[in-house]
Amino acid sequence: MPILNQLITTVLPFIPKTIVGQVAKRYIAGVRLSDGVRVAKNLNEKGMMATMDLLGEDVKNANETEQVKKGILSILQSVKENKLNSNVSIKPTQLGLKIDKELGYRNLKTIIKEADRLGNFVRIDMEDATTTDDTLTMYRRLRADGFKNTGVVIQAYMHRSESDVCALVKDGTNIRLCKGIYNESPSIAYKERQEIRNNYLSLLKIILEAGSYVGIATHDDYLIDGACEMIQKYGLGKEHYEFQMLLGVREKRRDTIVNDGHHLRVYIPFGEQWYAYSTRRLKENPHMAWYVTKAIFIR
Ligand SMILES: Cc1cc2nc3c(=O)[nH]c(=O)nc-3n(C[C@H](O)[C@H](O)[C@H](O)COP(=O)(O)OP(=O)(O)OC[C@H]3O[C@@H](n4cnc5c(N)ncnc54)[C@H](O)[C@@H]3O)c2cc1C
C-alpha cells in the first residue's frame, strides 16, 4: 500500500464521519430501501443482476436483530414487487450470530424460508475468521433442513479455504469466491498479494471442475483474466458462473465483462449503518489518500 494511503488508513478513525461519507458515497446506494431499489433497477436496465445488502454487522442485542430481519424481509418483498433481478446478501452477525447462535439461525432460517417462497436466493456473506466455523455450520443446517436457495462465501486468503471448498462442492454448494477483506493473522491467512491470487485461481479451478456454481467476486484484472481463460478452457456456459463486483468499483471493467457476454452481479449496500463498510472500501481504493485529502482541504 502506498505510504500516503497507509497514513490515511491510520488516521481514518479520527476523520469526521461527514468527510468519510462524502468520499465513500459512490460505494453505497443510499440509506433507504428505495435507494437500493432505484440502483438495482438502473443496473438491471443495463443488463446486470444485483444483490442487495442491508448494511449492518456485529449487532449486540436481540431486539435489534428483529429489526434487521424485518428489513431484510422487506428487501425480498420489494424485489418481488418491483420485478427486480436481484437476490439478497446477509451478514450472520447482523442476525445475532455473536449474541446467540440459535437466535442467529432462527432469524436466518425465517429469511431463507421467505426467500424460498418468493423464488429468491440468499447469499450468506463471510465475515472475520472468528465466525467462519459458525457460518458454515449454519449453512449446513439450512441444507439439512431442506433449503437449496442459499450459498456461502469463501475467502481465498484463508489457509483453510481449500479444505472448506473441497467439502462444500461435494453437495453442489453455490459459492461466491473473493479474496477476503478482514485483517487476519498470518498464522491462518495468506498476506502476500500474489499468494492470495494463486490460491484464488486454484480454488476456482476446484469449484469449476466439480461443477458447482460460482460467483467470481473480484475487480482484479489478473483474476478476471485467469477466470475467463478457465471458462474458455472448460467450455463453460453461463449456468455455471457469474462475475460479481461491488457498487462504485471499476465500472468500466464491469461494462466490458457484460459486453463480452458474461453474467455479472453488482453488490448494492444501503442503510444507515454505512460507516464500517465504507471504511473497508476506502482502504482498498488505491487513490484513497488523494480523495480524502481533497475532501478535507478542497471543499
Ligand atoms: C460481490 C463481492 C462480494 C464480496 N463479499 C465479501 C465477503 O462476503 N467477505 C469478504 O471478506 N470479502 C468480500 N468481498 C471483498 C473482497 O474480499 C475484496 O476485499 C475486494 O473485492 C477487493 O479485492 P479484489 O479481488 O477486487 O482485488 P484488489 O486487488 O483489492 O482490487 C483490484 C483492483 O480493483 C480496484 N479496486 C478494488 N477495490 C476498490 C475500491 N474500494 N475503490 C476503488 N478501486 C478499487 C483497484 O484498481 C485495485 O487495484 C466481496 C467482494 C465482492 C466483489
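The shown structure was predicted, so the numbers you read here are calculated from the model rather than taken from an experiment.

Participant: Please explain the pattern of salt bridges as it appears in this structure.
Facilitator: Charged atoms that come close allow side chains of opposite charge to pair. Counting across every chain of the model gives 21 salt bridges. The partner of lysine 109 in a salt bridge is aspartate 145, with the nearest N and O atoms 3.3 Å apart. Separated by 36 residues along the polypeptide, lysine 109 in helix H5 (residues 101-117) and aspartate 145 in the loop between helix H6 (132-144) and strand S4 (150-155) bring together distant segments of the chain. Judged by relative accessible area, lysine 109 falls into the partly exposed class, the value being 27%. Exposure remark for aspartate 145: the relative accessible area of 40% places this residue in the partly exposed category. Between lysine 179 and aspartate 220 there is a salt bridge, with the nearest N and O atoms lying 2.8 Å from each other. Of this pair, lysine 179 sits in the loop between strand S5 (175-178) and helix H8 (193-210) while aspartate 220 sits in the loop between strand S6 (214-217) and helix H9 (221-233), and the two are 41 residues apart along the sequence. Salt bridges sharing partners connect three or more residues here, namely Asp221, Asp225, Arg250 and Arg253.

Participant: Sorry, what's going on with the side chain of arginine 254 here?
Facilitator: Its place among the elements puts arginine 254 in helix H10 (residues 251-259). The buried charged residue arginine 254 lacks any salt bridge partner; its closest oppositely charged side chain belongs to aspartate 255, at an N-O distance of 4.2 Å. Arginine 254 has contacts with Leu43, Met48, Met245, Leu264 and Val266, leaving out every residue within four places of it along the chain.

Participant: What is the right way to read unusual backbone geometry from this model?
Facilitator: Glycine aside, negative phi is the norm for most residues, and most peptide bonds take the trans geometry. Positive phi is not limited to glycine here, since aspartate 58 has a value of about 50 degrees. Looking at the secondary structure, you find aspartate 58 in the loop between strand S1 (49-54) and helix H4 (62-81). Here the phi dihedral of arginine 250 falls at roughly 45 degrees; this positive angle occurs in a residue that is not glycine. Along the chain, the position of arginine 250 falls in the loop between strand S7 (241-246) and H10. Residue class for arginine 250 comes out partly exposed when judged on its relative accessible area of 35%.

Participant: Quick question: what am I supposed to make of the pairing of S7 here?
Facilitator: Two faces make up the sheet, and in a regular strand the side chains alternate between them. Most of S7 is tucked away, with 6 of its 6 residues classed as buried. Burial along S7 is two-sided: Tyr241, Phe243 and Met245 facing one way and Glu242, Gln244 and Leu246 facing the other are all buried. Relative to S7, S6 runs parallel, the two being bridged by 4 bridges. Looking across to S7, one finds that isoleucine 216 is bridged to phenylalanine 243. In the classification by handedness, the crossover that spans S6, the intervening H9 and the parallel S7 is right-handed. As defined by bridge partners, S7 adjoins strand S8 (residues 264-270) across 4 bridges and the pair is classed as parallel.

Definitions and cut-offs
- Residue numbers run consecutively from 1 along every chain, following the written order of its sequence.
- Local features in this predicted model are restricted to residues whose pLDDT is 70 or higher, and side-chain atom pairs enter the listing and the counts only when it is 80 or higher, whereas totals over whole chains, interfaces and linings include all residues.
- Side-chain descriptors were evaluated using all non-hydrogen atoms of the structure, hydrogens and water having been removed beforehand.
- Salt bridge, as used here, is a side-chain nitrogen of Lys or Arg placed within 4 Å of a carboxyl oxygen of Asp or Glu.
- Strands are runs of DSSP state E lasting at least two residues, helices are runs of H or I lasting at least four, and both sets are numbered from the N terminus onward.
- Here the term buried applies to any residue with accessible area under 20% of the maximum for its type, exposed to any over 50%, and partly exposed to those in between, with areas from a 1.4 Å probe on protein chains only.
- His residues and chain termini do not enter the charge count, which takes Lys and Arg as positive and Asp and Glu as negative.
- Contacts are assigned to residue pairs with any non-hydrogen atoms lying within 4.5 Å of each other.
- Strands qualify as paired when DSSP identifies two bridges or more between them.
- By the criterion used throughout, a crossover qualifies as right-handed when its path from the first strand across the helix to the second strand runs clockwise, the strands pointing away from the viewer.

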